[in-house]
Amino acid sequence: TTSPHNAYMQKCVSLAEQSPPRPTNFRVGALLLSRKDGDVSGTDDRILSTGYTMELAGNTHAEQCCFSNYAAVHKVPDDEVSTVLPIEAGRKLIMYVSMEPCGKRLSGNTPCVQRITKTREGDREGVQKVYFGVKEPGTFVGESEGCKMLTAAGIEWEHVAGFEKEILSVAFAGHENAAEKVKATLGEQGTDVAEE
Ligand SMILES: Nc1nc(=O)c(N)c(NC[C@H](O)[C@H](O)[C@H](O)COP(=O)(O)O)[nH]1
Ligand SMILES: [Zn+2]
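Now for a quick tour of the structure. As the structure is a computational prediction, the values presented were derived from the model and not from experiment.

Not every one of the 20 residues close to ligand 1 is listed here, only the nearest: Asn59, His61, Arg105, Ser107 and Glu136. Backbone polar atom of Phe26 to a nitrogen atom of ligand 1: 3.1 Å apart, as the coordinates give it. In the model, an oxygen atom of ligand 1 is placed 2.6 Å from a nitrogen or oxygen of the Asn59 side chain. Isolated, ligand 1 exposes 500 Å² of accessible area, and the fraction of that covered by the protein chains is 97%.

Below, the structure written as structure tokens:
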């Protein structure tokens, strides 16, 4: 059976492409779904919400918008989204994000790892695993801490390979010298691609 990761990562790229380009962040796409335990093909997946950087007013991140959109549909404030996320025996909540969730934000706003971790408060299972297409480049916060923080919170994560160039090209679109930054990041992340 084919894994569903590529289709969802492609969807996150399409979401990220809707984000207004800015030099002060990355254009990212995020998707939240419920998956039946052991359903490696994702045929029984239920998409719960999507989000992209600055979809919602203010300096918002993709993961933040994904949760906020879900909270709005369920008529609760953002910080109570965990109370309306489905808890179903035999199913898990999974997030796909084109970029590693942030562990720190230069703006000082709540990092997305904290928002993901918060879904597990009150003994709720919350988000169990995060799939992402690239590690966060060092542009703003240097060595990214997102994955380490997810692990510390007991949340699994996995890098879905193959979309790095595409994801970074979208993410850096609002930056000066975007192409050079993409190339440098690919080099740093060890995903050099053969010259075009
Ligand atoms: N995973 C992720 N999703 C996003 O939607 C987004 N924009 C970033 N970007 C991470 C980057 O570290 C921060 O954008 C900068 O640190 C600036 O912080 P603000 O965004 O202004 O809070 N990361
Ligand atoms: Zn974030």
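Having seen the structure, we can now continue with the description.
It is worth spelling out the side chain of Glu164 at this point. For Glu164, the location among the structural elements is in helix α5 (residues 164-171). Polar side-chain contacts of Glu164 include one of 3.0 Å to the side chain of His159. Residues in contact with Glu164, not counting those within four places in the same chain, are Gly133, Val134, His159, Leu186 and Thr191.

The next subject is the nonpolar core. Formed by 43 residues in total, the largest nonpolar core has its most connected members in Met95, Tyr96, Ile116 and Val130. Only α1 (5-16), β1 (29-36), α2 (62-73), β3 (91-99), α3 (112-118), β4 (127-134), α5 and α6 (178-188) provide two or more residues apiece to this core. In terms of residues, this core owes the most to one element, β3, which gives six residues. When residues no more than four places from it in sequence are discounted, the contact partners of Val130 are Met95, Val97, Pro101, Ile116, Leu150, Ile155, Glu156, Trp157 and Glu158.

Across its 12 residues, α2 extends 17 Å between first and last C-alpha, which sits within 8% of the 16 Å expected from 1.5 Å per residue. Residues Ala62, Glu63, Gln64, Cys65, Cys66, Phe67, Ser68, Asn69, Tyr70 and Ala71 constitute the buried set of α2. On its buried face, α2 is in contact with β1, β2 (46-52), β3, α3 and β4. Lys75, located one to two residues past α2, shows a positive phi value of around 55°.

A few words on the environment of Glu17. By secondary structure assignment, the location of Glu17 is in the loop between α1 and β1. Since its relative accessible area comes to 46%, Glu17 is described here as partly exposed. Taking the C-alpha atoms as reference points, Glu17 and Asp39, 22 residues apart in sequence, are found 29 Å from one another. Leave out the neighbours within four places in its chain, and Glu17 touches Arg27 and Val170.

Moving on, we get to the sheet that holds β4. The strand order across the open sheet formed by five strands is β2-β1-β3-β4-β5, and the pairing between neighbours is mixed. Edge positions in the sheet fall to β2 and β5 (156-159), since each has one partner strand and no second. Taking the axes of each pair of neighbouring strands and ignoring which way they run, one obtains an average angle of 20° across the sheet. Inspection of the sheet shows β1 paired to β2 by six bridges, in the antiparallel sense.

Moving on, we come to the coordination of the zinc ion (ligand 2). The protein atoms that coordinate the zinc ion (ligand 2) are His61 (ND1), Cys102 (SG) and Cys112 (SG), at distances of 2.1 to 2.2 Å. Accessibility expressed as a relative area gives 5% for Cys102, which makes it buried.

The rules behind the values
- Residues numbered from 1 in each chain as written.
- Chains lettered and ligands numbered in written order.
- Predicted model: local features only at pLDDT ≥ 70, side-chain atom pairs only at ≥ 80, totals over all residues.
- Heavy atoms only, no water.
- Near = heavy atom within 4 Å.
- Polar contact = N/O pair within 3.5 Å; in protein donor to acceptor, adjacent residues only side chain to side chain.
- Areas by Shrake-Rupley, 256 points an atom, 1.4 Å probe, with all protein chains shown as cover.
- Helix = DSSP H or I, 4+ residues; strand = E, 2+ residues; numbered from the N terminus.
- Contact = heavy atoms within 4.5 Å.
- Core = buried A, V, L, I, M, F, W, Y, C linked by side-chain atoms within 4.5 Å.
- Buried < 20%, exposed > 50% of the residue type's maximum accessible area, 1.4 Å probe, protein only.
- Expected span 1.5 Å × (residues − 1).
- Pairing = 2+ DSSP bridges.
- Axes fitted to C-alpha atoms, helices over the stretch in contact; angles between N-to-C directions.
- Donors = N, O, S within 2.8 Å, 3.2 Å for Na, K, Ca; no water.

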